[in-house]
Amino acid sequence: MENRPQWGSRVGFIMAAAGSAIGLGNIWRFPGVAYENGGGAFFLPYLFALLTAGIPILILEFTIGHRNRAAAPGSFAKIRRGFEGIGWWQLIISFVISVYYAAVIAWALSYTVFSFNLRWGDDTQGFLFGEYLKLAETPGEFGGIVPGVFIPLVIVWVVALFILYSGVKRGIEAANKIMLPLLFVLFTILVIRALTLEGAADGLNAFFKPNWSTILNGKVWVAAYSQIFFSLSIGFAIMVTYSSYLKKKSDITNNAFITGFANSGFELLAGIGVFSILGFMAMQQGVEVNDVVSKGVGLAFVVFPQIINTLPALNGLFGFLFFASLVLAGFTSLISIVETYIAGLQEKFGISRTKAVLFGGGVTAIVSIIFSSNGGLYFLDVVDYFINNFGVALAGLVEVIAVAWIARELGKLQEHANSISDIKLGLWWKVCLAVITPVVLGYMMIDSLIKNFKSNYEGYETWFVTAYGWVVVVLAIVIGFLLPYIKGKTAAGSVSDSKEVSQ
Amino acid sequence: MEASAIVMMIIGIVIIWGGLAASIVNAVVKAKKRGPESEAES
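Definitions and cut-offs
- Residues numbered from 1 in each chain as written.
- Chains lettered and ligands numbered in written order.
- Predicted model: local features only at pLDDT ≥ 70, side-chain atom pairs only at ≥ 80, totals over all residues.
- Helix = DSSP H or I, 4+ residues; strand = E, 2+ residues; numbered from the N terminus.
- Buried ≥ 20, exposed ≤ 12 C-beta atoms within 10 Å, placed from the backbone.
- Rg over C-alpha atoms; globule rule 2.2 N^0.38 Å.
- Contact = placed C-beta atoms within 7 Å.
- Expected span 1.5 Å × (residues − 1).
- Bend = angle between axes of the 7 residues up to and from the residue.
- Arc of directions from axis to C-beta.
- Nonpolar A, V, L, I, M, F, W, Y, C, P; charged D, E, K, R; others polar.
- Axes fitted to C-alpha atoms, helices over the stretch in contact; angles between N-to-C directions.
- Parallel < 35°, antiparallel > 145°, perpendicular 65-115°, else oblique.
- Left-handed = near helix turned anticlockwise from the far one by under 90°.
- pLDDT = per-residue confidence, 0-100.

Participant: Can you explain the overall build of chain B? Please cite residues and give values.
Facilitator: Of the regular secondary structure elements, chain B holds 2 helices and 0 strands. Classification of the 42 residues of chain B by burial places 21% in the buried group.

If you want it as structure tokens, here you go:
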């Protein structure tokens, strides 16, 4: 068996964990979600969700990985043999997410280059869907491979797999130590420029003005918990895997607080930047900020290019800053997602890192070609929605219930975390995990199920959401719980605390 | 900007960025107290 790799320093681990949490959603999802759910008033449920679910789950996953010193399947198997499937299920979810996440980074990479000559022209929507993605007319139609998406996708995979091949310390840690500070610098320059634009104050007013009437609305609280849950890289094996590379005497709880607050801190920065720019756009068009607010792919690849076109000066530089930020934020998240199953494959089959990267990463890269087809955006939209709402959220719910209620392991995990951490955990941590988190995630799950049984997501045809939404979700569960029965070279759960080495 | 928006912006900044700063300071102070050996370990 290979010796277990480890982080070179505490800073390296925090950078990697924060880099994983800070992703595309921080930039293009949070500002819109906060605005739609009460603006400034949203901060109350958001902070409550961070402290009662986000950070407690981060602490839980850090502790599980650190104590058991194995990838997710092995770590869960060490809690209880039958839990190995939870780890594999989370790894399959990571696999699914990584195949489409890479495609979005490829788009951002293309747009970083397009920024220099504002290649998207005046019709930014027409450019994205027509000229760049060459989007198929009907969802479900593959069409052919779009070279403009395929080439940057290959570049994304080559870089990501090279980082992963280089190892935990020399690859993941080194990449995060460069990419995360660079992301912060680029995005801060962008925010400073945005704040100096005419109309920025109107945008910030729209973003921060509290609408207190929303605070008693249950949907606003669910939105806050969803944002925290989906943004922190919890529930799909990343934090368990990353913390398994910590040295034996490593802090757990303070690291979780730093990671959680760094993620939210970047979201706040993104909110300030995005709404300052939207305020400028609204002023240019003589409309209300409300009329120009959007989120997701539309915000990044349609609205932002429009805004960049109308900037008074240095349009190309501004575009570069924005899209390069998306690329960096995406990369630090992508490598963490792929690392989950690289580590899982290595431990299960006792293979070298090189073989695991070539096989695991290679298969993922090949599957992700689907998302460089003419129909790629439709597939991405459906797979992303279903795997997040019925994959990540459900896996997180099952993980918490299994650890807190079935194995009743919270006491031992608390003891372990307290024995090595600066901040000691008390009853609050157990209450958050055993009561608050299952109740909120359970409600979210039932609410999403009812919504999706009543009507198809985004009005797509039933066969399409079934084939690429429900089937993907069910397959992740089935494959995840079947994998423990495949005999590997190393039985998960028996991974020894072998000598730690820096790779 | 309206006063209520300014207040919420300040509250958000103080709690979130303040929370980040406080947790980093806590980590540095505790590591220094334990000495260079434990700092390297953690």
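Participant: Describe the overall build of chain A, and please don't skip the residues or the numbers.
Facilitator: Broken down by element type, chain A carries 20 helices and 2 strands. For 503 residues, the compact-globule estimate of 2.2 N^0.38 gives 23 Å, and the C-alpha radius of gyration of chain A, at 22 Å, lies within 12% of that figure. Considered along the principal axes of its C-alpha atoms, chain A spans approximately 65 × 50 × 45 Å. For chain A, the residues scored as buried account for 60% of the 503 residues in total. Nonlocal contacts in chain A, meaning residues at least 24 apart in sequence, comprise 87% of its contacts between residues at least 6 apart.

Participant: Describe helix H14 (residues 297–310) of chain A, and please don't skip the residues or the numbers.
Facilitator: Residues and elements named next belong to chain A. End to end, H14 covers 20 Å across 14 residues, agreeing with the expected 20 Å (1.5 Å per residue, within 8%). Of all the bends found along H14, the most pronounced is centred on Val 303 and spans about 35°, while Pro 305, a proline, follows it within four residues. Residues Leu 299, Ala 300, Phe 301, Val 303, Phe 304, Pro 305, Ile 307 and Ile 308 constitute the buried set of H14. Residues of H14 that are buried sit in contact with helix H2 (24–28), helix H3 (30–36), helix H6 (84–114), helix H7 (124–132), helix H13 (253–285) and helix H15 (315–349).

Participant: Describe in detail H7 of chain A, supporting the description with residues and values.
Facilitator: All names here are of chain A. Inspection of H7 places Thr 124, Leu 128 and Tyr 132 among the buried residues, and these make up the whole buried set. Down the axis of H7, the smallest arc covering the buried residues is 50°, so these residues share one side. Tucked inside the fold, the buried residues of H7 contact H6, helix H8 (147–165) and H14. Backbone geometry just after H7 places Lys 134 at a positive phi near 45°.

Participant: Account for the interface of chain B and chain A, naming residues and giving values.
Facilitator: Between chain B and chain A, the residue contacts involve 22 residues of the former and 23 residues of the latter. Of all elements in the fold, only helix H1 (3–34) and helix H2 (36–41) of chain B reach the threshold of two or more residues within the side of chain B that touches chain A. The leading source of residues in the side of chain B that touches chain A is H1 of chain B, at 17 residues. Taken together, the residues of the side of chain B that touches chain A sort by class into 12 nonpolar, 7 polar and 3 charged.

Participant: Quick rundown of the environment of Phe 318 of chain A? Include the residues and the values.
Facilitator: Residue and element names in this part refer to chain A. Tracing the sequence through the fold places Phe 318 in helix H15. Owing to 21 C-beta atoms within 10 Å, Phe 318 belongs among the buried residues under this scheme. Between the C-alpha atom of Phe 318 and that of Ile 307, which follows or precedes it by 11 residues, the distance is 9.9 Å. Here Phe 318 is in contact with Leu 190, Arg 193, Ile 308 and Leu 311, once residues within four sequence places are set aside.

Participant: I'd like to hear about the packing of helix H9 (residues 168–195) of chain A against H15 of chain A, residue by residue, with values.
Facilitator: All names here are of chain A. With their axes 9 Å apart at the nearest point, H9 and H15 run at an angle of 150° to one another. Considered as vectors, H9 and H15 are oriented roughly antiparallel to each other. Relative to H15, the crossing made by H9 is left-handed. Residues Ile 172, Ala 175, Asn 176, Met 179, Leu 180, Leu 182, Leu 183, Leu 186, Phe 187, Ile 189, Leu 190 and Arg 193 of H9 pack against Phe 318, Leu 321, Phe 322, Ala 324, Ser 325, Leu 328, Ala 329, Phe 331, Thr 332, Ile 335 and Glu 339 of H15. Here the residues of the contact of H9 with H15 are counted per class, giving 18 nonpolar, 3 polar and 2 charged.

Participant: For the confidence of the model for chain B, give the residues involved together with the corresponding values.
Facilitator: This prediction gives chain B a mean pLDDT of 85; 83% of its residues lie at or above 70. This prediction of the complex comes with two scores: 0.92 for pTM and 0.90 for ipTM.

Participant: I'd like a rundown of the packing of helix H10 (residues 200–208) of chain A against H1 of chain B, residues and numbers included.
Facilitator: Where H10 of chain A meets H1 of chain B, the closest approach of the two axes is 8 Å, and the angle between their N-to-C directions is 75°. Classed by the angle they form, the pair H10 of chain A and H1 of chain B counts as roughly perpendicular. Contact with H10 of chain A, carried on its side by Leu 204, Asn 205 and Phe 208 of chain A, involves Ala 5, Met 8 and Met 9 of chain B of H1 of chain B and no other residues of that element.

Participant: So what about the environment of Ala 201 of chain A? Which residues, and what values?
Facilitator: Relative to the helices and strands, Ala 201 of chain A is located in helix H10. Residue classification places Ala 201 of chain A among the partly exposed positions, given that 17 C-beta atoms sit within 10 Å. For the pair Ala 201 of chain A and Ser 276 of chain A, spaced 75 residues apart in the sequence, the C-alpha separation amounts to 6.6 Å. Ignoring sequence-local partners within four residues, the contact set of Ala 201 of chain A consists of Gly 279 of chain A together with Met 1 of chain B.

Participant: Tell me about unusual backbone geometry, and please be specific about residues and values.
Facilitator: Backbone phi values are negative for most residues with the exception of glycine, while trans is the configuration of most peptide bonds. Residue and element names in this part refer to chain A. Even without being glycine, Leu 118 reaches a positive phi, approximately 50°. Of note, Leu 118 is situated in the loop between H6 and H7. With phi around 50°, Arg 408 is a residue other than glycine that occupies positive phi space. Within the secondary structure, Arg 408 is located in the loop between helix H17 (376–406) and helix H18 (410–420).

Participant: Could you give an account of the environment of Ile 86 of chain A, with specific residues and numbers?
Facilitator: All names here are of chain A. With respect to the helices, strands and loops of the structure, Ile 86 is situated in helix H6. Between the alpha carbons of Ile 86 and Ala 72 there is a distance of 8.1 Å; along the sequence they are 14 residues apart. For Ile 86, the residues in contact, after removing those within four places along its chain, are Phe 76, Val 398, Glu 399 and Ala 402.

Participant: Hey, could you go over the confidence of the model for chain A for me, with residue numbers and the actual values?
Facilitator: Residues of chain A with pLDDT of at least 70 account for 97%, and the chain-wide mean is 91. Within chain A, the lowest mean pLDDT, 51, falls on strand S2 (residues 500–502) of chain A, and the highest, 97, falls on H8 of chain A.

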